[in-house]
Amino acid sequence: YQRRVRGGRIWSLVSTSMNAGSTITPVLADFLAIYLSWSLSFTLTGTVDLLLGAVLLLYLPETSVSNKTTQGATETISWQWDMLFNSFMFTICVSYFILTFGLISMSTWGQMLFMEKLGIDTLHAGVMISVYEVGGFCGSTASGFLADFVAKNFKTRGSARSYSGALCSGISCTSIAAIQYLSPSLSGSKICAFGSGFGFYGTMAMYGLLTREYVAKEHAGTLTAVMGVCSQLGGFCAGVPFARFCQNYSLEEGFNLVACLLPVGFCCFCILMFIDGKYKEKTE
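Just so we're clear, the structure is a prediction, and the values are computed from it rather than from any experiment.

Rules of the game
Residues numbered from 1 in each chain as written. Predicted model: local features only at pLDDT ≥ 70, side-chain atom pairs only at ≥ 80, totals over all residues. Heavy atoms only, no water. 1 Å grid on protein atoms, 1.4 Å probe; cavity = no way out; pocket = protein on both sides within 12 Å on 5 of 7 lines; lining within 4 Å. Points joined across faces, edges and corners; volume = space filled by probe spheres on them. Helix = DSSP H or I, 4+ residues; strand = E, 2+ residues; numbered from the N terminus. Nonpolar A, V, L, I, M, F, W, Y, C, P; charged D, E, K, R; others polar. Polar contact = N/O pair within 3.5 Å; in protein donor to acceptor, adjacent residues only side chain to side chain. Salt bridge = Lys/Arg side-chain N within 4 Å of Asp/Glu carboxyl O. Buried < 20%, exposed > 50% of the residue type's maximum accessible area, 1.4 Å probe, protein only.

**Structural notes on empty space enclosed by the protein**
Applying the stated criterion across every chain yields a total of 1 cavity of 30 Å³ or more. As a volume, the largest cavity reaches approximately 50 Å³. The wall of the largest cavity is formed by Ser95, Ile98, Leu99, Ser169, Ser172, Phe200, Thr203, Leu262, Gly265 and Phe266. Those elements giving two or more residues to the lining of the largest cavity turn out to be helix H4 (87-118), helix H6 (161-181), helix H7 (186-214) and helix H10 (251-272). Of the residues that constitute the lining of the largest cavity, the class distribution is 5 nonpolar, 5 polar and no charged.

Written out as C-alpha coordinates, the structure is:
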(Lines give C-alpha, C1' and ligand atoms only; values in the text may rest on other atoms or scores of the structure.)
Protein backbone atom coordinates (compact mmCIF):
# COMPACT_ATOMS: atom_id res chain seq x y z
CA TYR A 1 0.00 0.00 0.00
CA GLN A 2 2.81 2.37 0.97
CA ARG A 3 6.11 1.09 -0.34
CA ARG A 4 9.29 2.67 1.02
CA VAL A 5 8.94 5.98 2.83
CA ARG A 6 5.92 5.28 5.05
CA GLY A 7 5.38 1.55 4.65
CA GLY A 8 7.27 0.63 7.82
CA ARG A 9 5.29 2.79 10.21
CA ILE A 10 1.96 1.77 8.65
CA TRP A 11 2.81 -1.93 8.79
CA SER A 12 4.09 -1.64 12.36
CA LEU A 13 0.95 0.11 13.54
CA VAL A 14 -1.12 -2.68 12.00
CA SER A 15 1.11 -5.21 13.80
CA THR A 16 0.31 -3.66 17.18
CA SER A 17 -3.21 -5.07 16.82
CA MET A 18 -1.80 -8.46 17.87
CA ASN A 19 -0.58 -7.01 21.16
CA ALA A 20 -3.78 -5.05 21.72
CA GLY A 21 -5.82 -8.20 21.09
CA SER A 22 -3.63 -10.29 23.40
CA THR A 23 -4.12 -7.73 26.16
CA ILE A 24 -7.84 -7.01 25.79
CA THR A 25 -9.25 -10.39 24.74
CA PRO A 26 -8.54 -12.38 27.97
CA VAL A 27 -10.25 -9.70 30.08
CA LEU A 28 -13.21 -9.45 27.70
CA ALA A 29 -13.54 -13.23 27.40
CA ASP A 30 -13.47 -13.68 31.20
CA PHE A 31 -16.13 -10.99 31.65
CA LEU A 32 -18.42 -12.55 29.05
CA ALA A 33 -17.88 -16.05 30.45
CA ILE A 34 -18.71 -14.98 34.01
CA TYR A 35 -21.71 -12.75 33.35
CA LEU A 36 -23.15 -14.09 30.09
CA SER A 37 -21.79 -17.14 28.25
CA TRP A 38 -18.32 -18.38 27.35
CA SER A 39 -19.48 -19.15 23.82
CA LEU A 40 -20.51 -15.52 23.36
CA SER A 41 -16.83 -14.47 23.35
CA PHE A 42 -16.26 -16.57 20.22
CA THR A 43 -19.51 -15.40 18.61
CA LEU A 44 -18.75 -11.75 19.28
CA THR A 45 -15.15 -11.76 18.05
CA GLY A 46 -16.03 -13.87 15.00
CA THR A 47 -18.87 -11.55 14.03
CA VAL A 48 -16.69 -8.45 14.40
CA ASP A 49 -13.97 -10.09 12.28
CA LEU A 50 -16.41 -10.92 9.50
CA LEU A 51 -17.88 -7.42 9.44
CA LEU A 52 -14.47 -5.71 9.42
CA GLY A 53 -13.23 -8.10 6.74
CA ALA A 54 -16.21 -7.28 4.54
CA VAL A 55 -15.62 -3.53 4.97
CA LEU A 56 -11.95 -3.86 4.04
CA LEU A 57 -12.73 -6.06 1.06
CA LEU A 58 -15.31 -3.67 -0.33
CA TYR A 59 -13.87 -0.25 0.48
CA LEU A 60 -10.09 -0.43 1.00
CA PRO A 61 -8.26 0.63 -2.19
CA GLU A 62 -5.46 -1.65 -3.32
CA THR A 63 -3.02 1.18 -3.93
CA SER A 64 -2.58 4.43 -2.01
CA VAL A 65 -3.09 7.77 -3.73
CA SER A 66 0.64 8.53 -3.58
CA ASN A 67 1.45 5.31 -5.43
CA LYS A 68 -1.16 5.57 -8.19
CA THR A 69 0.98 7.98 -10.17
CA THR A 70 3.77 5.42 -10.45
CA GLN A 71 1.57 2.43 -11.29
CA GLY A 72 1.90 2.88 -15.02
CA ALA A 73 5.69 2.86 -14.83
CA THR A 74 5.82 -0.36 -12.84
CA GLU A 75 6.96 -3.31 -14.90
CA THR A 76 5.34 -6.63 -14.13
CA ILE A 77 7.85 -9.40 -13.51
CA SER A 78 6.81 -12.90 -14.49
CA TRP A 79 7.01 -15.67 -11.93
CA GLN A 80 10.34 -17.42 -11.62
CA TRP A 81 11.15 -20.24 -9.22
CA ASP A 82 14.40 -18.67 -8.12
CA MET A 83 12.28 -16.05 -6.34
CA LEU A 84 11.86 -18.78 -3.71
CA PHE A 85 15.15 -20.65 -3.88
CA ASN A 86 17.80 -18.06 -3.10
CA SER A 87 19.88 -16.80 -0.20
CA PHE A 88 17.45 -14.02 0.70
CA MET A 89 14.43 -16.30 1.13
CA PHE A 90 16.45 -19.03 2.87
CA THR A 91 17.86 -16.57 5.39
CA ILE A 92 14.55 -14.90 6.10
CA CYS A 93 12.71 -18.23 6.48
CA VAL A 94 15.27 -19.55 8.98
CA SER A 95 15.01 -16.31 10.92
CA TYR A 96 11.19 -16.40 10.88
CA PHE A 97 11.13 -19.98 12.16
CA ILE A 98 13.42 -19.10 15.08
CA LEU A 99 11.60 -15.89 15.91
CA THR A 100 8.18 -17.58 16.02
CA PHE A 101 9.57 -20.44 18.10
CA GLY A 102 10.93 -17.95 20.64
CA LEU A 103 7.87 -15.70 20.59
CA ILE A 104 5.33 -18.51 21.07
CA SER A 105 7.51 -20.19 23.70
CA MET A 106 7.59 -16.98 25.70
CA SER A 107 3.89 -16.23 25.21
CA THR A 108 2.84 -19.78 26.16
CA TRP A 109 5.38 -20.87 28.75
CA GLY A 110 6.75 -17.54 29.97
CA GLN A 111 4.31 -17.31 32.88
CA MET A 112 5.50 -20.67 34.20
CA LEU A 113 9.11 -19.60 33.69
CA PHE A 114 8.67 -16.49 35.83
CA MET A 115 6.84 -18.45 38.52
CA GLU A 116 9.69 -20.96 38.66
CA LYS A 117 12.60 -18.50 38.52
CA LEU A 118 11.16 -15.76 40.74
CA GLY A 119 8.99 -17.83 43.08
CA ILE A 120 5.93 -15.65 42.44
CA ASP A 121 2.27 -16.58 42.23
CA THR A 122 0.12 -16.85 39.13
CA LEU A 123 -1.23 -13.30 39.40
CA HIS A 124 2.20 -11.66 39.50
CA ALA A 125 3.44 -13.95 36.73
CA GLY A 126 0.46 -12.82 34.66
CA VAL A 127 1.55 -9.23 35.23
CA MET A 128 4.94 -10.16 33.78
CA ILE A 129 3.27 -11.41 30.61
CA SER A 130 1.26 -8.19 30.40
CA VAL A 131 4.54 -6.26 30.61
CA TYR A 132 5.82 -8.52 27.82
CA GLU A 133 2.82 -7.60 25.65
CA VAL A 134 3.22 -3.89 26.38
CA GLY A 135 6.83 -4.23 25.25
CA GLY A 136 5.56 -5.92 22.10
CA PHE A 137 3.21 -3.02 21.40
CA CYS A 138 6.06 -0.53 21.74
CA GLY A 139 8.44 -2.69 19.69
CA SER A 140 5.98 -3.13 16.83
CA THR A 141 5.49 0.63 16.63
CA ALA A 142 9.12 1.67 17.05
CA SER A 143 10.57 -0.81 14.55
CA GLY A 144 8.41 0.49 11.71
CA PHE A 145 9.31 4.13 12.34
CA LEU A 146 12.99 3.21 12.60
CA ALA A 147 12.83 1.22 9.36
CA ASP A 148 11.30 4.19 7.54
CA PHE A 149 13.93 6.52 8.98
CA VAL A 150 16.74 4.29 7.73
CA ALA A 151 15.09 3.87 4.31
CA LYS A 152 14.64 7.62 3.92
CA ASN A 153 18.00 8.89 5.19
CA PHE A 154 20.59 6.20 4.46
CA LYS A 155 21.74 4.31 1.42
CA THR A 156 21.99 0.66 2.43
CA ARG A 157 23.48 -2.31 0.66
CA GLY A 158 20.70 -4.67 1.71
CA SER A 159 17.11 -3.97 2.70
CA ALA A 160 16.72 -1.00 5.02
CA ARG A 161 14.17 -3.05 6.99
CA SER A 162 16.84 -5.58 7.97
CA TYR A 163 18.61 -2.96 10.11
CA SER A 164 15.55 -2.39 12.25
CA GLY A 165 14.96 -6.16 12.39
CA ALA A 166 18.54 -6.78 13.49
CA LEU A 167 18.27 -4.23 16.30
CA CYS A 168 15.01 -5.70 17.60
CA SER A 169 16.33 -9.25 17.25
CA GLY A 170 19.41 -8.28 19.25
CA ILE A 171 17.20 -6.83 22.00
CA SER A 172 15.19 -10.06 22.27
CA CYS A 173 18.41 -12.13 22.38
CA THR A 174 19.84 -9.98 25.16
CA SER A 175 16.62 -9.95 27.18
CA ILE A 176 16.06 -13.72 27.10
CA ALA A 177 19.73 -14.36 27.90
CA ALA A 178 19.48 -11.97 30.87
CA ILE A 179 16.39 -13.79 32.19
CA GLN A 180 18.11 -17.14 31.87
CA TYR A 181 21.67 -16.48 32.96
CA LEU A 182 21.68 -13.33 35.12
CA SER A 183 18.72 -14.25 37.37
CA PRO A 184 17.51 -10.64 37.73
CA SER A 185 15.28 -9.37 40.52
CA LEU A 186 11.54 -8.85 40.06
CA SER A 187 12.09 -5.32 38.75
CA GLY A 188 14.93 -6.49 36.51
CA SER A 189 12.77 -9.33 35.20
CA LYS A 190 10.05 -6.84 34.26
CA ILE A 191 12.62 -4.89 32.25
CA CYS A 192 13.73 -8.11 30.56
CA ALA A 193 10.11 -9.13 29.87
CA PHE A 194 9.48 -5.72 28.32
CA GLY A 195 12.67 -6.03 26.26
CA SER A 196 11.86 -9.52 25.01
CA GLY A 197 8.38 -8.44 23.91
CA PHE A 198 9.84 -5.31 22.30
CA GLY A 199 12.38 -7.39 20.39
CA PHE A 200 10.11 -10.25 19.34
CA TYR A 201 7.22 -8.18 18.05
CA GLY A 202 9.47 -5.46 16.65
CA THR A 203 11.20 -8.09 14.55
CA MET A 204 7.90 -9.70 13.60
CA ALA A 205 6.67 -6.41 12.13
CA MET A 206 9.51 -6.40 9.59
CA TYR A 207 8.90 -9.71 7.82
CA GLY A 208 5.91 -8.64 5.80
CA LEU A 209 7.73 -5.53 4.63
CA LEU A 210 10.84 -7.47 3.65
CA THR A 211 8.81 -9.82 1.48
CA ARG A 212 6.56 -7.11 0.04
CA GLU A 213 9.54 -5.07 -1.09
CA TYR A 214 11.50 -8.04 -2.40
CA VAL A 215 9.17 -8.89 -5.29
CA ALA A 216 6.34 -7.29 -7.25
CA LYS A 217 2.95 -7.31 -5.54
CA GLU A 218 1.71 -10.01 -7.94
CA HIS A 219 4.04 -12.53 -6.29
CA ALA A 220 4.23 -11.20 -2.73
CA GLY A 221 1.36 -13.44 -1.62
CA THR A 222 3.19 -16.62 -2.63
CA LEU A 223 6.38 -15.66 -0.83
CA THR A 224 4.44 -14.56 2.23
CA ALA A 225 2.72 -17.97 2.27
CA VAL A 226 6.08 -19.77 2.17
CA MET A 227 7.30 -17.61 5.04
CA GLY A 228 4.06 -18.35 6.86
CA VAL A 229 4.73 -22.09 6.65
CA CYS A 230 8.12 -21.56 8.31
CA SER A 231 6.48 -19.42 10.96
CA GLN A 232 3.81 -22.05 11.65
CA LEU A 233 6.49 -24.72 11.97
CA GLY A 234 8.18 -22.55 14.58
CA GLY A 235 4.89 -22.13 16.41
CA PHE A 236 4.25 -25.88 16.25
CA CYS A 237 7.68 -26.65 17.70
CA ALA A 238 6.92 -24.27 20.58
CA GLY A 239 3.91 -26.42 21.44
CA VAL A 240 4.00 -30.18 21.97
CA PRO A 241 7.71 -30.68 21.01
CA PHE A 242 8.77 -27.95 23.44
CA ALA A 243 6.53 -29.38 26.15
CA ARG A 244 8.01 -32.86 25.62
CA PHE A 245 11.51 -31.44 25.79
CA CYS A 246 10.72 -29.66 29.06
CA GLN A 247 9.08 -32.81 30.43
CA ASN A 248 12.19 -34.87 29.72
CA TYR A 249 14.62 -32.23 30.95
CA SER A 250 13.22 -29.06 32.56
CA LEU A 251 11.58 -25.76 31.73
CA GLU A 252 14.92 -24.11 32.46
CA GLU A 253 16.60 -26.24 29.79
CA GLY A 254 13.78 -25.47 27.37
CA PHE A 255 14.43 -21.75 27.60
CA ASN A 256 18.16 -22.38 27.44
CA LEU A 257 17.40 -23.84 24.01
CA VAL A 258 15.46 -20.69 23.09
CA ALA A 259 18.33 -18.50 24.30
CA CYS A 260 20.78 -20.48 22.15
CA LEU A 261 18.65 -20.32 18.99
CA LEU A 262 17.83 -16.60 19.09
CA PRO A 263 21.39 -15.47 18.22
CA VAL A 264 21.08 -17.50 15.00
CA GLY A 265 18.04 -15.40 14.07
CA PHE A 266 20.01 -12.26 14.89
CA CYS A 267 22.84 -13.41 12.60
CA CYS A 268 20.30 -13.98 9.83
CA PHE A 269 19.26 -10.34 9.99
CA CYS A 270 22.88 -9.27 9.98
CA ILE A 271 23.32 -11.31 6.79
CA LEU A 272 20.23 -9.66 5.26
CA MET A 273 21.97 -6.31 5.64
CA PHE A 274 24.34 -7.38 2.87
CA ILE A 275 21.88 -9.19 0.58
CA ASP A 276 20.04 -7.16 -2.04
CA GLY A 277 16.49 -6.75 -0.76
CA LYS A 278 15.02 -6.41 -4.26
CA TYR A 279 14.62 -9.37 -6.59
CA LYS A 280 16.24 -8.91 -9.99
CA GLU A 281 14.66 -10.83 -12.85
CA LYS A 282 17.10 -13.10 -14.59
CA THR A 283 17.41 -12.74 -18.34
CA GLU A 284 18.14 -15.52 -20.78
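**As for the side chain of Arg161**
The residue Arg161 is located in helix H6 in this model. A distance of 2.8 Å separates a polar atom in the side chain of Arg161 from a polar atom in the side chain of Asp148.

**Comments concerning the pattern of salt bridges**
Under the counting rule described, the total for this entry stands at 2 salt bridges. Between Arg161 and Asp148 there is a salt bridge; the shortest N-O distance is 2.8 Å. In this pair, Arg161 sits in helix H6 while Asp148 sits in helix H5 (residues 122-153), placing the two residues 13 residues apart along the sequence. Exposure class is identical for Arg161 and Asp148. Each is buried.

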